[in-house]
Amino acid sequence: PLASVGCADVILVSLLCHFFYNERLTPGQWGSVALVFAGLVTMAGPFGGGGGGVSLTGFGFAVCAMLCFGASVFSVRVAAVGGLS
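Residues numbered from 1 in each chain as written. Predicted model: local features only at pLDDT ≥ 70, side-chain atom pairs only at ≥ 80, totals over all residues. Heavy atoms only, no water.

Q: When you look at the environment of Ser72 in this model, what are you seeing that I'm missing?
A: Its place among the elements puts Ser72 in helix H4 (residues 56-82). Here the alpha-carbon distance between Ser72 and Val13, two residues 59 residues apart in the chain, equals 9.4 Å. (Helix = DSSP H or I, 4+ residues; strand = E, 2+ residues; numbered from the N terminus.)

Q: Is there a simple way to think about the nonpolar core in this case?
A: Grouped burial of nonpolar side chains is what soluble globular proteins tend to show. Core analysis: the biggest nonpolar cluster contains seven residues, these being Val5, Ala8, Ile11, Val33, Leu40, Ala62 and Met66. Of all the elements in the fold, those that place two or more residues in this core are helix H3 (27-44) and H4. (Core = buried A, V, L, I, M, F, W, Y, C linked by side-chain atoms within 4.5 Å. Buried < 20%, exposed > 50% of the residue type's maximum accessible area, 1.4 Å probe, protein only.)

Q: Sorry if this is basic, but what is going on with the packing of aromatic side chains here?
A: Within a pair of aromatic rings, the relevant descriptors are the distance that separates the centres and the angle that separates the planes. Throughout the structure, instances matching the rule amount to one aromatic pair. Seen in terms of ring centroids, Phe20 and Phe74 are 5.7 Å apart; in terms of plane orientation they differ by 50 degrees. Their pairing is tilted. Highlighted residues: Phe20 in helix H2 (residues 9-20) and Phe74 in helix H4, separated in sequence by 54 residues. Note on Phe20: relative accessible area 59%, which makes it exposed. (Phe/Tyr/Trp six-rings, centres within 6.5 Å; stacked < 30°, edge-to-face > 60°.)

All we've got here are geometric facts, nothing functional implied.
See below:
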């Protein structure tokens, strides 16, 4: 279940690109982001998709990993758009 949190960086990157680059997602792309979020809630949320309980510390580390990986993907996007100086 915690791996799903780490892989949910698409949500963060989509939001950052929307606000910083004014990129518009198509309805199908927003639907895909919503599907990722629904899977995230199902796997790591209150339903406990893995069968066992998820520790708060483990969940916190997984969220930190998602934020760091999302930031790295976004920084690569910034370098690709603006070039490296």
